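# Coordinates in review
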Amino acid sequence: QVQLVESGGGLVQPGGSLRLSCVASGDTECISTMQWYRALPGQVRVLVASIPNSGKATYLDSVKGRFTISRDNAKNTVYLQMNSLKPEDTAVYYCNIQDRDEYWGQGTQVTVSS
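Heads up: these notes are all about the structure in this document. None of the values given here were measured: they were computed from a predicted structure.

### A few points about the packing of aromatic side chains
- This structure, assessed with the given rule, holds two aromatic pairs.
- Aromatic pair Tyr37 and Trp104: ring centres 5.2 Å apart, planes at 80°, arrangement edge-to-face. Of the two residues, Tyr37 is situated in strand β4 (residues 34–39) and Trp104 in the loop between β9 (91–97) and β10 (108–112); the sequence distance between them amounts to 67 residues.
- Overall, the relative accessible area of 17% leaves Tyr37 in the buried class.
- Note on Trp104: relative accessible area 22%, which makes it partly exposed.
- Look at Tyr94 and Trp104: their rings are 6.1 Å apart centre to centre, the planes differ by 90°, and that puts the pair in the edge-to-face class. With Tyr94 in strand β9 and Trp104 in the loop between β9 and β10, this pair connects stretches of sequence that are ten residues apart.
- Above the ring of Tyr94, the side-chain terminus of Arg45 is found at 4.4 Å from the ring centroid.
- Here the basic side chain of Arg45 rests over the ring of Trp104, its NZ or CZ set 4.1 Å away from the ring centre.

Rules of the game
- Residues numbered from 1 in each chain as written.
- Predicted model: local features only at pLDDT ≥ 70, side-chain atom pairs only at ≥ 80, totals over all residues.
- Heavy atoms only, no water.
- Phe/Tyr/Trp six-rings, centres within 6.5 Å; stacked < 30°, edge-to-face > 60°.
- Helix = DSSP H or I, 4+ residues; strand = E, 2+ residues; numbered from the N terminus.
- Buried < 20%, exposed > 50% of the residue type's maximum accessible area, 1.4 Å probe, protein only.
- Lys NZ or Arg CZ within 6 Å of the ring centre and 35° of its normal.

Have a look at this one:
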C-alpha cells in the first residue's frame, strides 16, 4: 500500500508562485515515475508534469517554462514549483504514481485570482 498526501496549495495573485509537495508513505521502495495532475470540480484530471526516478521531466504545454517538478527520494517527496501563475491554473492538484490508479489523495486547492 502507498499513501500520497498533497499540500502547499492556497490563494495567490496572478504572477505569484506556489510550491506544492506530495509525500509518499507505505510501500515506497518501488516507486518510479511520479506525476502531478490537476482538475476543476467534476472534471477529468489532466496530467501537468511527470518525473522519472532517473531521467528528464515532462510537462503539459501550457505550463512549460513556468512549472518545475522535482523529487527528493530520501524524503519520499515530489514537488511542483509553480511560477508566473495564471487564473487558468486554478484547480485541485493531485500527485500520482505513473500507471497506477488506486493511490489518489485528496489533492490540494490552488486558486489564482486578484
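Continuing now.
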